[in-house]
2 protein chains.
Amino acid sequence: MYDVENSIGFLLSKGYQRAWALLREEIEQYELTPPQFALLAFLWREDGLTQTELSETGQIDRTTLGGLIDRLEKSGLVERRPHPRDRRAYQIHLTARGRELEGPLSECATRTLARLTNGLTETEVSELRRMLIILRGERTVYDFPAC
Amino acid sequence: MYDVENSIGFLLSKGYQRAWALLREEIEQYELTPPQFALLAFLWREDGLTQTELSETGQIDRTTLGGLIDRLEKSGLVERRPHPRDRRAYQIHLTARGRELEGPLSECATRTLARLTNGLTETEVSELRRMLIILRGERTVYDFPAC
DNA sequence: TCAACATTGACAGCATACTGACTATCTGTA
DNA sequence: TACAGATAGTCAGTATGCTGTCAATGTTGA
């Protein structure tokens, strides 16, 4: 009999839901969602990318990203600026307010990680991270046809 | 600087997305989504639960579950029957077709797991499972007030 | 140069996930 | 019995994530 409850997929979904709920709780006062936080975090690292570039580096679906940016723009944390050499594209820039949040939000994320991984040792967390990267990965195997 | 890309939460979300995509691919011919598959899998184990009971054992939000059942009912895989002693409640039962799918869909799930964990050894998969259960868990710690 | 093709971002449509509010019903207690 | 509070399920609203389609714009090759 198939054991859903202990299947990796099911456990990933529940783990993800818990991670989401904890982070949501920590950043609630900023009226942000976890994906919005993640997008800001990518922008703290590199500002001014186009939506397509952001979609690739952040591994966020192109159309999902559009909506995320809409909402962050409405909250005044990012802005779309016309691309200087490509009239189809926008460059996404943090506003001053969006940059300011790096400190406080990073602390929220640190607290979230601590709560999430409460039952694991540091070594286990590293192991988990390593395995999740492998799980997601395999791009080198599947993305390119043998050539 | 906060490193989103290697944060457990971000990796969980991407791992989950990959698990979803792979399973989606395997069960595509049955026109089911991964959550619909999971719900069926819980019903293969125990049939006739109410929505609230299913919501608890399956750890699926009450309102989300309602929609899932709507769609599975429309597909002819489950049916709502009035509860014999509680006029507010339904008992959710598999149809013959819903029961028939246990074999083929379990095989799809097995193939998905194999593809998903391609880069990990069996020992690592067990470790991962154990850690994900801990991640999600902690019910004994948080859910009950000290009493 | 111009036509074929590719790319950028928007939009509609669907499923999941959650919140909060609501109706119908049940339960426990005075 | 009657009423207060709890519970079952629905609905509206919002955000994410994905597919498919489209218009506008870029790019490339004959």
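Quick note: structure is the one above.
Attention here is on the structure that accompanies the text. (Residues numbered from 1 in each chain as written. Chains lettered and ligands numbered in written order. Predicted model: local features only at pLDDT ≥ 70, side-chain atom pairs only at ≥ 80, totals over all residues. Heavy atoms only, no water.)

Structural notes on the protein's contact with DNA strand D
Lining the immediate environment of DNA strand D, one finds 23 residues, of which Thr 33 and Arg 71 of chain A together with Thr 52, Thr 63 and Arg 88 of chain B sit closest. Sugar and phosphate atoms form 69% of the subset of DNA strand D atoms that lie within 4 Å of the protein. For DNA strand D, a phosphate oxygen lies 2.6 Å from a polar atom in the side chain of Thr 33 of chain A. With respect to DNA strand D, the side chain of Arg 62 of chain B contributes an N or O atom lying 3.3 Å from a base oxygen. (Near = heavy atom within 4 Å. Polar contact = N/O pair within 3.5 Å; in protein donor to acceptor, adjacent residues only side chain to side chain.)

Section: the protein's contact with DNA strand C
Neighbouring residues of DNA strand C: 24 residues in total, closest Thr 52, Thr 63 and Arg 88 of chain A together with Thr 33 and Arg 71 of chain B. When atoms of DNA strand C within 4 Å of the protein are split into backbone and base, the sugar-phosphate part holds 70%. Gln 51 of chain A places a side-chain nitrogen or oxygen 3.1 Å from a phosphate oxygen of DNA strand C. Tyr 90 of chain A places a polar main-chain atom, nitrogen or oxygen, 3.0 Å from a phosphate oxygen of DNA strand C. Put simply, the parts of the chain that give the surface near DNA strand C at least two residues each are helix H3 (51-57) and helix H4 (62-74) of chain A together with helix H1 (8-26), helix H2 (34-45) and helix H4 (62-74) of chain B. For the surface near DNA strand C, the per-class residue count stands at six nonpolar, nine polar and nine charged. (Helix = DSSP H or I, 4+ residues; strand = E, 2+ residues; numbered from the N terminus. Nonpolar A, V, L, I, M, F, W, Y, C, P; charged D, E, K, R; others polar.)

Digging into the layout of surface pockets
In this structure, the second largest pocket occupies an estimated 510 Å³ of space. Taken together, 27 residues line the second largest pocket, and the ones lying closest to its centre are Pro 34 and Ala 38 of chain A together with Gly 9, Phe 10 and Ser 13 of chain B. Of all elements in the fold, only helix H1 (8-26), helix H2 (34-45), H4 and helix H6 (102-116) of chain A together with H1 of chain B reach the threshold of two or more residues within the lining of the second largest pocket. When residues of the lining of the second largest pocket are assigned to their parent elements, the largest contribution, seven residues, is made by H1 of chain B. (1 Å grid on protein atoms, 1.4 Å probe; cavity = no way out; pocket = protein on both sides within 12 Å on 5 of 7 lines; lining within 4 Å. Points joined across faces, edges and corners; volume = space filled by probe spheres on them.)

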